[in-house]
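The chain contents come next:
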Amino acid sequence: MMSDTVWASLRRTFFVRYDEIRIRLARSLGSKELADDALHDTYLRLHRSDAIGVIQQPESYIFRIALNVATDKRREERRRASQAEVLASIRPQDEALDLSRELEARSEVEALKRALAELPPRRRAILIAARVDGLSHEVIAERFNISRTMVQKELRRAVSHCVERLGKSESP
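Residues numbered from 1 in each chain as written. Predicted model: local features only at pLDDT ≥ 70, side-chain atom pairs only at ≥ 80, totals over all residues. Heavy atoms only, no water.

A. A look at helix H2 (residues 18–29). Under the 1.5 Å per step criterion, the end-to-end length of H2 is 16 Å for 12 residues, consistent within 8% with the ideal 16 Å. Within the span of H2, buried status applies to Ile-21, Leu-25, Ala-26 and Leu-29. Viewed along the axis of H2, the buried residues span an arc of 130°, placing them on a single side of the element. Exposed residues lying more than 90 degrees from the buried face of H2 are Asp-19 and Arg-27. (Helix = DSSP H or I, 4+ residues; strand = E, 2+ residues; numbered from the N terminus. Expected span 1.5 Å × (residues − 1). Buried < 20%, exposed > 50% of the residue type's maximum accessible area, 1.4 Å probe, protein only. Arc of directions from axis to C-beta.)

B. Region of interest: helix H7 (residues 137–144). For H7, every residue scored as buried is listed here: His-137, Ile-140 and Ala-141. In a view along the axis of H7, the buried residues occupy a sector of 100°, so they form one face of it. Seen from the buried face of H7, the exposed residues on the opposite side, beyond 90 degrees, are Glu-142 and Arg-143. Once H7 finishes, Asn-145 follows within two positions and takes phi at roughly 55°, a positive value.

C. Spotlight on the packing of aromatic side chains. A complete count under the given rule lists 4 aromatic pairs for this structure. Centroid distance Phe-14 to Phe-15: 5.6 Å. Interplanar angle 90°. Geometry classified as edge-to-face. A ring pair is formed by Phe-14 and Tyr-18, whose centres lie 5.6 Å apart and whose planes are at 65°; its orientation type is edge-to-face. The exposure class assigned to Phe-14 is buried, which follows from its relative accessible area of 5%. Here the aromatic cluster, defined as three or more aromatic residues joined through ring pairs, consists of Phe-14, Phe-15, Tyr-18 and Tyr-43. (Phe/Tyr/Trp six-rings, centres within 6.5 Å; stacked < 30°, edge-to-face > 60°.)

Read these as layout, nothing more, since geometry by itself doesn't imply function.
See the structure below:
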């Protein structure tokens, strides 16, 4: 946890310069809503931060954290969108499925189960934590005692493997 004086300085800068930071952030992101969400999460992140010593440019520090938060939010939205596409293909919207479509869907699920079983245990656990449980990369990194970058690499490898295996299961 950061020292009380550093936290007080950042908090003061956050509130005094909030409007300028918000306008600059909205302009950079192209979205006022994303800027507002990012600033809200930035305040929470600042409070939990481990910053050491005096921060020379508190406004720039806050802005950079807000940009990072917004980037994380956009990645999460893209991940959720791709997850929704996968779920939509596995769970057709049509309630009156004919037998062939139902069998095809079951076949896809079985192929996915096989692909998951082929993954190394940690990679499979990370994929499930991210895609099924919806945990953030930060939480997963802490859980497995690895870096966020390693979480991202493991997820890319796991998804790539599953996509490759599902593609092969479709070919005759």
